[in-house]
Amino acid sequence: MQSVRVTDEMWQHLLSLREGLIGPRVLSPDADVSCLPLYAPIARRSGQFVLAQVGQSLDGRIATPMGDAQDVSGSDGIAHLHRCRALVDAVVVGVGTVVADDPSLSVRAAPGRSPVRVVVDCNGRMPHRAKMLNDGGMPVIVIQADDVARRNGGHELISLPRQADGSLSPRDILAALTERDLTSVLVEGGANTISRFIDAQLVDRLHVSVSPIIIGSGPAGIRLTPIDRLSQARRPEVQVYNIGTDIVFDCNLRVEAQRAAALPDCEDILMADTA
Ligand SMILES: NC(=O)c1ccc[n+]([C@@H]2O[C@H](COP(=O)([O-])OP(=O)(O)OC[C@H]3O[C@@H](n4cnc5c(N)ncnc54)[C@H](OP(=O)(O)O)[C@@H]3O)[C@@H](O)[C@H]2O)c1
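Just so we're clear, the structure is a prediction, and the values are computed from it rather than from any experiment. (Residues numbered from 1 in each chain as written. Predicted model: local features only at pLDDT ≥ 70, side-chain atom pairs only at ≥ 80, totals over all residues. Heavy atoms only, no water.)

**What to know about the overall build of the protein chain**
A count of helical and extended segments in the protein chain gives 9 helices and 10 strands. Relative to the globule expectation of 19 Å for 275 residues, the C-alpha radius of gyration of the protein chain, 19 Å, shows essentially globular dimensions. Structurally, the protein chain occupies a C-alpha span of about 55 × 50 × 35 Å along its principal axes. When each of the 275 residues of the protein chain is scored for burial, the buried share is 45%. Of all intrachain contacts in the protein chain linking residues separated by at least 6 positions in sequence, the fraction that spans at least 24 positions is 68%. Carbon and sulfur atoms provide 53% of the accessible area of the protein chain, an area that totals close to 13700 Å². For the protein chain, the distance from the average site of its 27 positive side-chain charges to the average site of its 33 negative ones is 4 Å. (Helix = DSSP H or I, 4+ residues; strand = E, 2+ residues; numbered from the N terminus. Rg over C-alpha atoms; globule rule 2.2 N^0.38 Å. Buried < 20%, exposed > 50% of the residue type's maximum accessible area, 1.4 Å probe, protein only. Contact = heavy atoms within 4.5 Å. Areas by Shrake-Rupley, 256 points an atom, 1.4 Å probe, with all protein chains shown as cover. Lys, Arg positive; Asp, Glu negative; His and termini not counted. Charge placed at Lys NZ, Arg CZ, Asp CG, Glu CD.)

**Side note on the packing of helix 1 (residues 8-19) against helix 3 (residues 75-87)**
Interaxial distance between helix 1 and helix 3 falls to 10 Å at its minimum, and their mutual angle equals 35°. Within the contact between the two elements, helix 1 uses Trp11, Leu14, Leu15 and Arg18 and helix 3 uses Arg83, Ala86 and Leu87. Residue composition of the contact of helix 1 with helix 3, by class: 5 nonpolar, no polar and 2 charged. (Axes fitted to C-alpha atoms, helices over the stretch in contact; angles between N-to-C directions. Nonpolar A, V, L, I, M, F, W, Y, C, P; charged D, E, K, R; others polar.)

**Here we look at the pattern of salt bridges**
Under the counting rule described, the total for this entry stands at 12 salt bridges. With a closest N to O distance of 3.4 Å, Arg61 and Asp59 form a salt bridge. Here the salt bridges share partners, and the residues they tie into one network are Arg18, Arg45 and Asp89. (Salt bridge = Lys/Arg side-chain N within 4 Å of Asp/Glu carboxyl O.)

**So, the site of the ligand**
Among the 24 residues in the neighbourhood of the ligand, the closest are listed as Thr97, Asp101, Asn123, Arg125 and Thr193. Within the complex, the protein chains bury 83% of what would otherwise be the 920 Å² of accessible surface of the ligand. Those elements giving two or more residues to the shell around the ligand turn out to be strand 2 (49-57), helix 4 (95-101), strand 7 (184-189) and helix 7 (191-199). When residues in the shell around the ligand are grouped by element, the largest group, 5 residues, is from helix 4. Class assignment for the residues of the shell around the ligand results in 9 nonpolar, 10 polar and 5 charged. (Near = heavy atom within 4 Å.)

**Comments concerning the nonpolar core**
With 38 residues, the main nonpolar core has Leu14, Tyr39, Ile42, Leu87 and Met126 as its most contacted residues. Of all the secondary-structure elements, those providing two or more residues to this core are helix 1, helix 2 (36-43), strand 2, helix 3, strand 3 (90-94), helix 4, helix 5 (131-134) and strand 5 (140-145). Excluding residues that lie within four positions of it along the chain, Ile42 makes contacts with Phe49, Leu51, Cys84, Leu87, Val88 and His207. Ranked by size, the runner-up nonpolar core spans 34 residues in total, among them Ala90, Ile141, Leu168 and Cys251. (Core = buried A, V, L, I, M, F, W, Y, C linked by side-chain atoms within 4.5 Å.)

**Concerning the confidence of the model for the protein chain**
Averaged over every residue, the pLDDT of the protein chain is 91; residues scoring 70 or more account for 93%. In this model residues 266-275 is a low-confidence stretch, pLDDT under 50, and it forms 5 contacts with partners more than four residues away in sequence or in other chains. (pLDDT = per-residue confidence, 0-100.)

**Structural notes on unusual backbone geometry**
Following Gly189, the chain continues to Gly190 via a peptide bond in cis, the omega torsion being -10°. Positive phi, normally seen in glycine, also occurs at Asp102, with a value near 50°.

**So, the packing of aromatic side chains**
Each aromatic ring pair is described using two quantities: the centre-to-centre distance and the angle formed by the ring planes. Using the criterion set out here, one finds 1 aromatic pair in the structure. Ring geometry for Trp11 and Tyr39: centres 6.3 Å apart, planes at 80°, overall edge-to-face. Of this pair, Trp11 sits in helix 1 while Tyr39 sits in helix 2, placing them 28 residues apart in sequence. Since its relative accessible area comes to 3%, Trp11 is described here as buried. For Tyr39, a relative accessible area of 0% corresponds to the buried category. (Phe/Tyr/Trp six-rings, centres within 6.5 Å; stacked < 30°, edge-to-face > 60°.)

**Details of the side chain of His80**
Assignment of secondary structure puts His80 in helix 3. What makes His80 buried here is its relative accessible area of 0%. A distance of 3.1 Å separates the side chain of His80 from the side chain of His207, its partner in a polar contact. Look past the residues within four positions of His80 in its chain and what remains in contact with it is Leu38, Tyr39, Gln53, His207, Ile243 and Val248. (Polar contact = N/O pair within 3.5 Å; in protein donor to acceptor, adjacent residues only side chain to side chain.)

**Here's the deal with the sheet that holds strand 8 (residues 205-211)**
Ordered by their spatial adjacency, 10 strands build an open sheet running 1-9-10-8-2-7-3-4-5-6, and the pairing between neighbours is mixed. On the outer flanks of this sheet lie strand 1 (2-3) and strand 6 (156-160), each paired with one strand and no other. The pairing of strand 5 with strand 6 spans 5 bridges and is classified as parallel. Among the inter-strand pairings, Gln144 is bridged to a residue of strand 6, identified as Ser159. Along the sheet face, helix 7 touches strand 2, strand 3, strand 7 and strand 8 and points at about 130° away from the line of strand 7. (Pairing = 2+ DSSP bridges.)

Here it is, written out as structure tokens:
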């Protein structure tokens, strides 16, 4: 596990990478580069990039059963989330998160620009009074199904066709954002929304930020399509970072997907041999 420190110099370097306007800065010889492996893949501009992030307890919960999710992450976990927001073009949440938490999705715990805010609201239940619609901050895009009545007020509306199961295709969502030059995206929650992007094989990196608390009950951070056998479990390449109050598991889902596509049956065979 690598300890990560984010100095002002390195953060400015990462913001330069994110802007893509100038070449990377020349770093001082004693620069602490420990944060680069965690953040540079997000900051670099190289086509579409999807980061998903979950802030959870030691027992994998993101809230109490009553929905209290305020302090799951420690202060460094929150700073990490805000850095991730500052490095992307857009942050995506499901309408369930807006209803539960009324977030502003802005960058406050780190210097940097706030991303465009995107709410996936298939059935048009975004509250008119939502903070992000009224705070004068970065633009808000609401994504609805095209059979739902259009609502005006404080946001751009994107209408997409439903899939056969009534939901919206995460691929269509990303395509609509790419059309608006929003190519690097942080899918911030909740579990429902993140899981749809992971199930659709669209997430490049998944950051699971674990805080040393035990909640004991309540919703989990991810709920993927159920599997029967552990041989079908996701086995991403993982790097682990100590960021201070929290530990971040940086899961490379893109490499895992490529490996799985190349060797579809290998793990089944291995599991059978060792049983
Ligand atoms: N700890 C963390 O990192 C973190 C981060 C964010 C949120 N949270 C917590 O997560 C909880 C909310 O999560 P959640 O899983 O219940 O809800 P959610 O993911 O925020 O929102 C889910 C809803 O968004 C809509 N939606 C999202 N993607 C869609 C798609 N592809 N197609 C159609 N509809 C789509 C659906 O709305 P309809 O039901 O209207 O169809 C769906 O029910 C809150 O308690 C919040 O505090 C935790």
